[in-house]
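Examination of the molecular architecture
Chain residues, written in single-letter form:
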Amino acid sequence: MAAVLMAGKELAESIRAGVAERVAKLAGESKSPPHLIVIQVGDDPASTVYVRNKVRTTEKLGINGTLHKLPEDTAQADLIALLHSLNRDTGIVGVLVQLPLPKHINADAVINELDPAKDVDCLHPANVGRLWLGNPFVKPCTPFGVMEIFSKYGIELKGKRAVVIGRSNIVGKPLAALMLAEHATVTICHSRTADLPSVAREADILVAAIGKPEFITGDYIREGAVVIDVGVNRLPGDGGKDRLVGDVDFASASEKASAITPVPGGVGPMTIAMLMHNTLACYDYQHS
């Protein structure tokens, strides 16, 4: 039986439509729309694409979106000073610092200076703590999107064995926390995990979030497992045009999996949709 393709595009469209409806309702109540600030330091090509898509989406949904694009050589102190200014501005409900930052800037030190109430991607330590304690007011965008895909496609987590390959603070760790909250038994794997294929084959639900193109093949997947591919990697394609692939070798994995997310069109569209959702969550938190 062919694997069910768990596409995120239609689900993301539904979430965006809900956000647009809520923003329109605020306008009908003569309230200002939520204002999201996106900060990009430097000209990383992937970051530029992501940032452009985020700002465009705010415009489509009626959210005020502002990009602060800073030079590559921006000093850490100047970036933090900007954050402090945005923290004080009561007209701004959400701030996103696009990662990665240039090497001379300590990302942790910067995130620590962000007002937790305006942290739309749940990266501030206070919000990470709330996440692991089970009472977050905002959830990390990409893991949140994965959880919405589980819900959309009726993937039951309770009692299931989940294996997450990747331990980043942006995807792997917070996704593990969210799945634990839904009563899954979660194993986090990484580059030093012994016999990774064997561990992966124990999974009812396998999540790949390691940033290595097509690394996870069918040999890593137990028959009938659900596979979530969070990776987005660019490889040379025909005609000199890059092609997007995930961390999973889709062809071999789909022969084993009962359900699988594609790349592109799987988890990717959900990330920006959940960012828009989180902007409203921050608005509600600040106005409660």
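Residues numbered from 1 in each chain as written. Predicted model: local features only at pLDDT ≥ 70, side-chain atom pairs only at ≥ 80, totals over all residues. Heavy atoms only, no water.

**Thoughts on the overall build of the chain**
- Assigned secondary structure in the chain consists of 10 helices and 11 strands.
- Scaling as 2.2 N^0.38, a compact globule of 288 residues should have a C-alpha radius of gyration of about 19 Å, and the chain matches this with 19 Å.
- The principal-axis extent of the C-alpha atoms belonging to the chain is close to 55 × 40 × 40 Å.
- On the chain, roughly 13600 Å² of surface is accessible, and the fraction owed to carbon and sulfur atoms is 52%.
- The chain carries 29 positive and 32 negative side-chain charges, and their two centres are separated by 2 Å. (Helix = DSSP H or I, 4+ residues; strand = E, 2+ residues; numbered from the N terminus. Rg over C-alpha atoms; globule rule 2.2 N^0.38 Å. Areas by Shrake-Rupley, 256 points an atom, 1.4 Å probe, with all protein chains shown as cover. Lys, Arg positive; Asp, Glu negative; His and termini not counted. Charge placed at Lys NZ, Arg CZ, Asp CG, Glu CD.)

**Some details on the sheet that holds strand E3 (residues 64-70)**
- Strand order in the open sheet formed by 3 strands is E3-E2-E4, with parallel pairing between adjacent strands. If you trace the sheet from one side to the other, it starts and ends with E3 and strand E4 (94-97), each paired once. In this sheet, neighbouring strand axes are inclined to one another by 15 degrees on average, regardless of whether the strands run parallel or antiparallel.
- Relative to E3, strand E2 (residues 35-41) is paired through 7 bridges, and the arrangement is parallel. The partner of Val 41 across the bridge, within E3, is Leu 70.
- With respect to the sheet, helix H3 (residues 76-88) is in contact with E2, E3 and E4, its orientation differing from that of E2 by roughly 180 degrees. (Pairing = 2+ DSSP bridges. Axes fitted to C-alpha atoms, helices over the stretch in contact; angles between N-to-C directions. Contact = heavy atoms within 4.5 Å.)

**Remarks on the packing of helix H1 (residues 9-28) against helix H10 (residues 268-286)**
- At a minimum axis distance of 8 Å, the contact between H1 and H10 shows a crossing angle of 25 degrees. Viewed along their axes, H1 and H10 adopt a mutual orientation that is roughly parallel. Handedness of the crossing formed by H1 with H10: left-handed. Contacts from Lys 9, Leu 11, Ala 12, Ile 15, Arg 16, Val 19, Arg 22, Val 23 and Leu 26 of H1 reach H10 at Pro 269, Met 270, Ala 273, Met 274, Met 276, His 277, Leu 280, Tyr 283 and Asp 284.
- In the contact of H1 with H10, the residues fall into 13 nonpolar, 1 polar and 4 charged. (Parallel < 35°, antiparallel > 145°, perpendicular 65-115°, else oblique. Left-handed = near helix turned anticlockwise from the far one by under 90°. Nonpolar A, V, L, I, M, F, W, Y, C, P; charged D, E, K, R; others polar.)

**Some points on the pattern of salt bridges**
- In this structure the tally under the stated criterion is 6 salt bridges.
- Among the ionic pairs, Lys 69 bridges to Asp 43, the shortest N-O distance being 3.1 Å. Placement of the pair is Lys 69 in strand E3 and Asp 43 in the loop between E2 and helix H2 (45-61), with a sequence separation of 26 residues.
- Residue class for Asp 43 comes out exposed when judged on its relative accessible area of 54%.
- One salt bridge in this structure joins Glu 202 and Arg 161, with 2.9 Å as the shortest N-O distance. Linking Glu 202 in the loop between helix H8 (196-200) and strand E7 (205-208) with Arg 161 in strand E5 (residues 161-165), this pair joins segments that are 41 residues apart in sequence. (Salt bridge = Lys/Arg side-chain N within 4 Å of Asp/Glu carboxyl O. Buried < 20%, exposed > 50% of the residue type's maximum accessible area, 1.4 Å probe, protein only.)

**A short note on the pairing of E2**
- Burial runs high along E2: 7 of the 7 residues are buried.
- A two-sided burial pattern is seen for E2, the buried positions comprising His 35, Ile 37, Ile 39 and Val 41 on one face and Leu 36, Val 38 and Gln 40 on the other.
- Here E2 runs beside E4; their pairing, made up of 4 bridges, is parallel. Bridge assignment links Ile 39 to a residue of E4, and that residue is Val 97.

**So, the packing of aromatic side chains**
- With the rule as written, the count across this model stands at 2 aromatic pairs.
- For the ring pair Phe 137 and Tyr 285, a centre distance of 3.9 Å and an interplane angle of 10 degrees mean the geometry is stacked. Residue Phe 137 is located in the loop between helix H5 (125-133) and helix H6 (141-152), and its partner Tyr 285 is located in helix H10; the two are separated by 148 residues in the primary sequence.
- For the ring pair Phe 215 and Tyr 220, a centre distance of 5.9 Å and an interplane angle of 55 degrees mean the geometry is tilted.
- Against the face of Phe 215 rests Lys 212, its NZ or CZ located 5.2 Å from the ring centre. (Phe/Tyr/Trp six-rings, centres within 6.5 Å; stacked < 30°, edge-to-face > 60°. Lys NZ or Arg CZ within 6 Å of the ring centre and 35° of its normal.)

Purely geometric numbers; function is a separate question.
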